[in-house]
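Breakdown of the fold
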Amino acid sequence: MVNCFVWVNETGGVVRNIVLTGFMGTGKTAVGKVLSQKLGFVLVDADAEIEKEQKTTITDIFNRLGEAAFRDMESAMIKRLSVLKRAVLSTGGGAVLRAENMDALRGNWIVVCLAATPETILRRIGKSKNRPLLQVADPLQKIRELYDFRRPYYEKADIIINTDGMGPLQVAEEIIKAVSSKQ
Ligand code: S3P
């Protein structure tokens, strides 16, 4: 847990980047857009970068090559993106599972985890076919199982924001408040 953040500073202080973690459907991409605009930071989405690099979708990577191959691509991508400056990085929901991913972000990145209940997550994801891990008969049950397993990893974040009942703008404002109050 980091207790002291060096934050946006007009007089030349070091500015740390923000990485958004959290389960699928917690709003990382939508919040990342608003947050990056508010801060004047560049926005990077690790999954979108993998899709660009591989010239295909995450679903296709899972289907053709399997989850382990995707996780290797994800780790390589996070390492590559970890050198960015003045950036908001949105990660896939499973990125927290590998210690090497979070180690790559240690130091220059404030880790902000977005949380939500399984019911909220299911509502936000709807019937989207873009989450290969949730293409099962009972997605709510699957969300609960995965979330229970991942909870300790998400809880390692510097800041956790509960997003239930909140839109991206409100969440982005909460993040800025939380980060500023830890200066
Ligand atoms: C995953 C989350 C997805 C994507 C992949 C695996 C996960 O990203 O990386 O389908 O393991 O939780 P989002 O969290 O952006 O949906």
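Summary of the structure given here. (Residues numbered from 1 in each chain as written. Predicted model: local features only at pLDDT ≥ 70, side-chain atom pairs only at ≥ 80, totals over all residues. Heavy atoms only, no water.)

Quick notes on the pairing of strand β5 (residues 159-162)
Burial along β5 is one-sided: Ile-159 and Ile-161 are buried, and none of Ile-160 and Asn-162, which face the opposite way, are. With four bridges connecting them, strand β4 (residues 109-115) and β5 associate as parallel partners. Within β5, the residue paired with Val-112 across the bridge is Ile-159. (Buried < 20%, exposed > 50% of the residue type's maximum accessible area, 1.4 Å probe, protein only. Helix = DSSP H or I, 4+ residues; strand = E, 2+ residues; numbered from the N terminus. Pairing = 2+ DSSP bridges.)

Describing the packing of aromatic side chains
Applying the stated criterion across every chain, the model contains five aromatic pairs. Taking 6.5 Å as the distance between ring centres and 75 degrees as the angle between the ring planes, the aromatic pair formed by Phe-23 and Tyr-154 counts as edge-to-face. Remark: Tyr-154 occurs in helix α7 (residues 139-154) and Phe-23 occurs in the loop between β1 (17-22) and α1 (28-39); sequence separation between them is 131 residues. As far as the burial class goes, Phe-23 and Tyr-154 line up, both buried. (Phe/Tyr/Trp six-rings, centres within 6.5 Å; stacked < 30°, edge-to-face > 60°.)

A word on the packing of helix α6 (residues 118-125) against α7
Contact geometry for α6 and α7: axes closest at 9 Å, N-to-C directions at 125 degrees. As the angle between them shows, α6 and α7 are arranged oblique. For the element pair α6 and α7, the recorded crossing hand is right-handed. Residues Pro-118, Glu-119, Ile-121 and Leu-122 of α6 form the contact with α7, whose own contacting residues are Pro-139, Leu-140, Ile-143, Arg-144 and Tyr-147. Here the residues of the contact of α6 with α7 sort into seven nonpolar, no polar and two charged. (Axes fitted to C-alpha atoms, helices over the stretch in contact; angles between N-to-C directions. Parallel < 35°, antiparallel > 145°, perpendicular 65-115°, else oblique. Left-handed = near helix turned anticlockwise from the far one by under 90°. Contact = heavy atoms within 4.5 Å. Nonpolar A, V, L, I, M, F, W, Y, C, P; charged D, E, K, R; others polar.)

Focus: the side chain of Asp-45
Mapping Asp-45 onto the fold places it in strand β2 (residues 42-45). One buried charged residue, Asp-45, remains without a salt bridge, the closest side chain of opposite sign being Lys-33 at 7.5 Å. A distance of 3.0 Å separates a polar atom in the side chain of Asp-45 from the backbone nitrogen of Asp-47. At 3.0 Å, the side chain of Asp-45 and the backbone nitrogen of Ala-48 are in polar contact. Look past the residues within four positions of Asp-45 in its chain and what remains in contact with it is Thr-29 and Ser-90. (Lys, Arg positive; Asp, Glu negative; His and termini not counted. Salt bridge = Lys/Arg side-chain N within 4 Å of Asp/Glu carboxyl O. Polar contact = N/O pair within 3.5 Å; in protein donor to acceptor, adjacent residues only side chain to side chain.)

Topic: the site of the ligand
Near the ligand there are 14 residues, and of these Lys-28, Asp-47, Arg-71, Arg-131 and Arg-150 occur at the shortest range. Between the ligand and Asp-47 there is a distance of 2.7 Å, counted from an oxygen atom to a side-chain nitrogen or oxygen. In this structure, an oxygen atom belonging to the ligand sits 2.7 Å away from a side-chain N or O atom of Arg-150. Coverage of the ligand by the protein chains reaches 94% of its 390 Å² of free accessible surface. When contributions to the shell around the ligand are tallied by element, the ones reaching two or more residues are α3 (58-65) and α4 (67-81). Its residues assigned to classes, the shell around the ligand shows six nonpolar, three polar and five charged. (Near = heavy atom within 4 Å. Areas by Shrake-Rupley, 256 points an atom, 1.4 Å probe, with all protein chains shown as cover.)

Remarks on the packing of α3 against α4
With their axes 7 Å apart at the nearest point, α3 and α4 run at an angle of 130 degrees to one another. By the criterion of interaxial angle, the relationship of α3 to α4 is oblique. Between α3 and α4, the contacting residues are Ile-58, Ile-61, Phe-62 and Leu-65 on the first element and Glu-67, Ala-69, Phe-70, Arg-71 and Met-73 on the second. Classifying every residue of the contact of α3 with α4 gives seven nonpolar, no polar and two charged.

Re the pattern of salt bridges
Considering all chains together, one arrives at 13 salt bridges under this definition. Members of the salt-bridge network, linked through shared partners, are Asp-72, Lys-79, Arg-98 and Glu-100.

Looking at the sheet that holds β5
Spatially, β2-β3-β1-β4-β5 is the arrangement adopted by the five strands of the open sheet, whose pairing is parallel. Two strands close off the open sheet at either side, each with one partner strand: β2 and β5. Strand-to-strand twist in this sheet, taken as the mean axis angle between neighbours without regard to direction, amounts to 20 degrees. Examined bridge by bridge, β1 and β4 share six bridges and lie parallel to one another. Within β4, the residue paired with Leu-20 across the bridge is Val-112. Relative to the sheet, α1 contacts β1, β2, β3 (87-90) and β4, its axis offset from that of β1 by approximately 165 degrees. Against the sheet, helix α8 (residues 168-181) engages β1, β4 and β5, with an angle of about 150 degrees to β5.

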